[in-house]
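# Analysis of the macromolecular model
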Amino acid sequence: MATLTETDYTRVSTDAAESFADAFYTALNGSRNQLASFYVPAITQPSGRGLPHISYNGDVLNDPVAFATRFEKEMPWTHFEPQSLDVHVLNRALTPVEGKSKKELERNMSLTVQVSGYVRLYERKDGPMKGFSDSFVLVPNKEEVGAKGTGKSGQGRQWVIQTQNLRFVT
Amino acid sequence: MVARANRASKNASRGPAATRRDRTKVDRDGDLSMDGPVKGRGGRVGKASGASNARKDLTAGKAKGGILSAASQRAILKHAGAGDVAMLGSRTVPSRGLTELKVTNWNKSKASTNPDGGVSSLISWLEKKASNRLSSRVRTVKIKKSQVEGEDLIVSVPAEDAGAVLRLDGWQWAGVNVKVERIGGDAGGLGGSKTEQTRDMIKGVLERRYNIESKFLDLSILRQDEKLKEQSIFNVRSTAGKFFPAMMRVLEGAFETAKDKDEAVQSVSLANNELSDLTAISTLPQTLPKLKNLDLSNNKFEKLGQLALWKKRFYHLEQIILTGNPIEQAEPDYASSIIQWFPNLRTLNGIQVRTEEDIANRSKVPDLPFPIRSPAFQDEGGIAEGFIRNFIAGFDTDRAALTAMYYDEQSDFSYSVNTQAPRDPSNTEQTEKQEWGDYIKNSRNLKKISQLPARQNRLFRGPQAVSDVFAAFPKTKHADLATEAKKYMIEAHIQPGVPDPSGASQSGVDGFFISIHGEFDELDSATGQPKKKRSFDRTFILGPGGPSGVRIVNDILTVRAYGGAQAFDPDNFEGANGPAAAASAPEGVPQLPAGLSIEMAEQMCLELQKQTRMTIGYAKECLEQVNWDFPTALQAFESVKANLPPDAFVAA
């Protein structure tokens, strides 16, 4: 049976966090029409709570399309600049591991990501600048597994946001 | 303050000579050098005197609003002498002894009727002008000895000041262009390469047009400048285009730091330069990005587009003068665009366009579609809250006990230092050194730590590893959760898919996602006294397990420079209660209203439980529904208690 070493967990999680953060903040700044694709599709859990859970400066939304639309239509010009980034594996086995290949195991975990940085609002250079802290739980993109473009980088998103908490902190 | 430059002075009608004589009397320093170029020739008197007024107005404004009077500034200048650094590029001047210089061509000045033939006036003018330098360090030039020999005035100055006095060669004083040369006559004695000579020439032009007291650089009517005419700068197209950029480079080179430069030059006049666009002077915003006052009057700007190059530049510009340009007729609405281009502009053509209050309001972050709201804190049975209380207190007092309580073999901890994080916006003081030495060794910032083994080593798993790295942390004192709740922003939500140590649920169970933003003091290890303030962001994933009922799955910490707490207060932001906020009220998520700390909320829950015998969960829900108004919660309870299920009450 295939297993993952501690090094594997570190490699998979840090690689995922880096490519996620690069793509996500680039999209916030420049390709907001893609934003909804960074989140798990909206569902209601048996508990009645919705996912994804997006908490943005205290506004809580469960609909990624609504979030993305509001961001795209109403948010002024922004430049988000992540300055520090860290990640842990949250759950090493989201589904039973028996009979899974190493590659499948690598995509059977969830990740906790923390980002610290600044955002420039309204305009380059002279716009107001706020420090921000953004935390996420990422899960593998199920829609992508075995579907279009698996394995090819840039085709679809490997990891998507299940929960997010952002705050301006300065 | 700068200027009603379009208004010709009364003197104008009397012609240049009359004006000049008036000035001779008025100007306490006998300083006429600025008037030469400014006044201009060929019937431009009206406009020229406007530009000259601009300088005087600036000086007046300074005296009124400034901290120091002009006299006390001069007194300070006299005592602040320290080495000749007027030109960073040419510091190799001998530093000992006196140098003798010969001043000629002064005898026919307007001061020649003075009892001493104008000598004392000339000497004080030389001292003042030679001291009036564009430099990081202020140095007062003193003429040590002077002697009239026929038509010559021989002056002795410290060797290091000789250059500054020689630079006055050809400047206008009391209606004449005085000649200054080294005795022995080595042609001004500046020597050097052609580049150096040009640089010194430009430097001389700049200093002659600079007023150290009003921090004003008068670059009006450059084409009429005697020195520049002498050099035929504007006769040849190629040199004309390069001259202004060269001048800006010399200006930058004159100061050791950008801060010195921005401090020394706060106002610039480019009036009366026949400018129809900004091409020639395009580098001004790079050289003086913090300029406060700009006079562009009496040029040939006709369209906004010709000024658009400076749109959104000069962020700090407080006033601009554009009178006497064709744009006034061609685009009468130009003002609204200009006001928009310069966000800190207070005065346009002498008319106030923004108040200080307007500026203060605008520097707040205006409406965002995601306004700053009070914390979204989703808890269950006070679990998350209890954990936070214990954790913050335990981290300061007993980290070993804390790790034993919350961390097990599968718990991860790591931290990152964000050394570049924005700092407390309310602190405009000099930024203190951050000193990250205690932290950097184990910082796991993936933006900096790119090697897999290092990433691996900086992830601490299990109570022993966590306890060890905690012990290496400086001693801390976090802000008090109860009494200093405003220094925190704490949010939580229920996080699905958290590992279940019992193994009963393969896909994981519900846990908590907790996000804490706050601050702590680093304590001196010897004295226990607060040493440095830091801000932090800490993200926890909690799951079931451990002696307390919850265990830490993930604990990710960011430590950064102190960033203040104002970002956490919804009242600091416009629009928090505006229409956008009302339209997008969150659904079904309990929030504590602004000003209500977790502590107070907890007390309310306990009190309601006591009075109604409802469970804590029901008491909290009840309070949430009435927005944490206690009497209303009691009323609400009375009206629905008959319908509440038995499990809503604490068992008797």
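This text goes with the structure placed above it.
Throughout what follows, the structure given in this document is the object of discussion. None of these values were measured; they are calculated from a predicted model.

### Focus on the overall build of chain B
Helix and strand counts for chain B stand at 23 helices and 20 strands. Residue pairs in contact within chain B that sit at least 24 positions apart in sequence constitute 69% of those at least 6 positions apart.

### A closer look at the interface of chain B and chain A
On the chain A side, the residues contacting the 73 residues of chain B number 66 residues. In this structure, the connection of chain B to chain A is made through six salt bridges. In this structure, B:E491 engages A:R167 in a salt bridge whose closest nitrogen and oxygen atoms are separated by 2.9 Å. Where the side of chain B that touches chain A is concerned, the elements lending two or more residues are β14 (412-418), α18 (452-457), β17 (489-498), β18 (509-523), β19 (530-544) and β20 (550-561) of chain B.

### Digging into helix α5 (residues 119-131) of chain B
Residues and elements named next belong to chain B. Along its 13 residues, α5 runs 18 Å from first to last C-alpha, staying within 8% of the 18 Å computed at 1.5 Å per residue. Across the 13 residues of α5, 10 count as buried, placing the element largely inside the fold. Buried within α5 we find V119, S121, L122, I123, W125, L126, E127, K129, A130 and S131. Packed against the buried residues of α5 are β1 (98-104), β2 (145-149), β3 (152-158), α6 (162-166), β4 (172-173) and α7 (194-208).

### Some points on the nonpolar core
If you look at the biggest cluster of nonpolar residues, it comprises 47 residues, and the most contacted ones within it are B:L219, B:L270, B:L284, B:L294, B:I320 and B:I338. Elements with a contribution of two residues or more to this core: α7, α9 (237-253) and α13 (334-341) of chain B. In terms of residues, this core owes the most to one element, α9(B), which gives seven residues. Apart from residues no more than four positions distant in its own chain, B:I338 is found in contact with B:L304, B:L307, B:I320, B:L322, B:L345 and B:L348. In terms of nonpolar packing, the next biggest core, distinct from the first, is built from 43 residues, A:A21, A:F24, A:Y25 and A:W159 among them.

### Some words on the pairing of strand β3 (residues 53-56) of chain A
All names here are of chain A. Side chains H53 and S55 of β3 all project onto a buried face; the interleaved residues I54 and Y56 project onto the opposite face, where all are buried too. Alignment of β3 against strand β8 (residues 159-168), held across four bridges, turns out to be parallel. Note on β8: the bridge partner recorded for H53 is T163. Bridge count for β3 against strand β4 (residues 59-61) is three bridges, and the pairing is antiparallel. Each bridged residue has a counterpart across the sheet, and for Y56 the counterpart in β4 is D59. Following β3, the chain reverses through two residues before pairing antiparallel with β4; N57 in that reversal takes a positive phi of roughly 55°.

### Topic: the sheet that holds β1(B)
Residues and elements named next belong to chain B. Strand order in the open sheet made by the four strands is β2-β3-β1-β6, with antiparallel pairing throughout. Two strands close off the open sheet at either side, each with one partner strand: β2 and β6 (179-182). Taking each pair of neighbouring strands and ignoring which way they run, the sheet shows an average axis angle of 25°. Strand direction decides the pairing type here: β1 and β6, joined by four bridges, are antiparallel. The residue of β6 that forms the bridge with L101 is R182. On the sheet, α5 packs against β1, β2 and β3 and is oriented at approximately 35° with respect to β3.

### Overview of the packing of helix α21 (residues 598-612) of chain B against helix α22 (residues 616-625) of chain B
Residues and elements named next belong to chain B. In contact at an axis separation of 9 Å, α21 and α22 are set at 115° when each is read in the N-to-C sense. By the angle between their directions, the pair α21 and α22 is classed as roughly perpendicular. As α21 runs across α22, the sense of the crossing is right-handed. Contacts between α21 and α22 involve M604, C605, L606, L608 and Q609 on the former and, on the latter, I616, A619, K620, C622 and L623. Broken down by class, the residue content of the contact of α21 with α22 amounts to eight nonpolar, one polar and one charged.

### Brief notes about the state of the cysteines
All names here are of chain B. Inspection of the entire model under this criterion finds zero disulfides over all chains. With no disulfide partner, C605 has as its closest neighbouring cysteine sulfur the one in C622, 9.6 Å distant. On the basis of relative accessibility, which here comes to 6%, the residue C605 falls in the buried class.

### Observations concerning helix α15 (residues 383-397) of chain B
Here α15(B) spans 21 Å end to end across 15 residues, near enough to the 21 Å set by a 1.5 Å rise per residue. Buried residues of α15(B): B:A384, B:E385, B:F387, B:I388, B:F391, B:I392, B:G394, B:F395 and B:D396, and no others.

### Points about the packing of aromatic side chains
Here the structure, examined in full by the defined rule, presents 36 aromatic pairs over all chains. With 5.3 Å between their ring centres and 75° between their planes, A:F80 and A:F132 make a pair best called edge-to-face. Of this pair, A:F80 sits in strand β5 (residues 78-91) while A:F132 sits in strand β7 (residues 129-140), placing them 52 residues apart in sequence. Residue A:F80 is classed as buried on the basis of its relative accessible area of 2%. Judged by relative accessible area, which is 0%, A:F132 ranks as buried. On the basis of an interplanar angle of 90° and a centroid distance of 5.3 Å, the ring pair of B:Y439 and B:F473 is categorised as edge-to-face. Of the two residues, B:Y439 sits in helix α17 (residues 437-440) while B:F473 sits in the loop between α19 (463-472) and β16 (475-478), which places them 34 residues apart along the sequence. The class for B:Y439 is buried, based on a relative accessible area of 0%.

### Remarks on unusual backbone geometry
Of note, the amide linkage connecting A:L51 to A:P52 takes the cis form, showing an omega dihedral of -5°. Tracing the backbone through its elements, the reader meets A:P52 in the loop between β2 (50-51) and β3. Residue A:N57 is not a glycine yet carries a positive backbone phi of 55°. For A:N57, the position within the fold is in the loop between β3 and β4. If you check the backbone angles, B:K215 has positive phi at about 55° while not being a glycine. If you trace the backbone, B:K215 turns up in the loop between β7 (210-211) and β8 (216-218).

### Some words on the sheet that holds strand β9 (residues 267-269) of chain B
Residue and element names in this part refer to chain B. Spatially, the seven strands line up as an open sheet ordered β7-β8-β9-β10-β11-β12-β13, and their pairing is mixed. The sheet terminates laterally at β7 and β13 (351-352), the two strands that pair on one side only. Across three bridges, the pairing between strand β10 (residues 293-295) and strand β11 (residues 319-321) is parallel. Residue pairing in the sheet places N293 in a bridge with Q319 of β11.

### Notes on the packing of α21(B) against helix α23 (residues 630-640) of chain B
A packed helix pair is summarised by two numbers, namely the angle formed by the two axes and the spacing between the axes. Residues and elements named next belong to chain B. Two numbers describe how α21 lies on α23: the axes approach to 11 Å, and their chain directions differ by 35°. Classified by chirality, the crossing of α23 by α21 is right-handed. Contact with α21, carried on its side by M604, E607, L608, Q611 and T612, involves F630, A633, L634 and F637 of α23 and no other residues of that element. Considered class by class, the residues forming the contact of α21 with α23 number six nonpolar, two polar and one charged.

### Comments concerning the pattern of salt bridges
Applying the stated rule across the entire model yields 32 salt bridges over all chains. Put simply, B:E484, B:K487, B:E519, B:D521 and B:K533 are held in one network by salt bridges that share partners.

### Focus on the pairing of β2(B)
Residue and element names in this part refer to chain B. Two elements, β2 and β3, share five bridges in a ladder whose sense is antiparallel. Residue pairing across strands places Q147 opposite I154, the latter belonging to β3. Remark: two residues form the turn of the hairpin made by β2 and β3, two consecutive strands paired antiparallel; G150 in that turn has positive phi of roughly 65°.

### Re the environment of B:P499
As for its placement among the helices and strands, B:P499 is situated in the loop between β17 and β18. Ignoring anything within four residues of it in the chain, the contact list for B:P499 reads A:L90, A:N91, B:V509, B:P544, B:R551 and B:V553.

Cut-offs applied
Residues numbered from 1 in each chain as written. Chains lettered and ligands numbered in written order. Predicted model: local features only at pLDDT ≥ 70, side-chain atom pairs only at ≥ 80, totals over all residues. Heavy atoms only, no water. Helix = DSSP H or I, 4+ residues; strand = E, 2+ residues; numbered from the N terminus. Contact = heavy atoms within 4.5 Å. Salt bridge = Lys/Arg side-chain N within 4 Å of Asp/Glu carboxyl O. Expected span 1.5 Å × (residues − 1). Buried < 20%, exposed > 50% of the residue type's maximum accessible area, 1.4 Å probe, protein only. Core = buried A, V, L, I, M, F, W, Y, C linked by side-chain atoms within 4.5 Å. Pairing = 2+ DSSP bridges. Axes fitted to C-alpha atoms, helices over the stretch in contact; angles between N-to-C directions. Parallel < 35°, antiparallel > 145°, perpendicular 65-115°, else oblique. Left-handed = near helix turned anticlockwise from the far one by under 90°. Nonpolar A, V, L, I, M, F, W, Y, C, P; charged D, E, K, R; others polar. Disulfide = S-S within 2.5 Å. Phe/Tyr/Trp six-rings, centres within 6.5 Å; stacked < 30°, edge-to-face > 60°.

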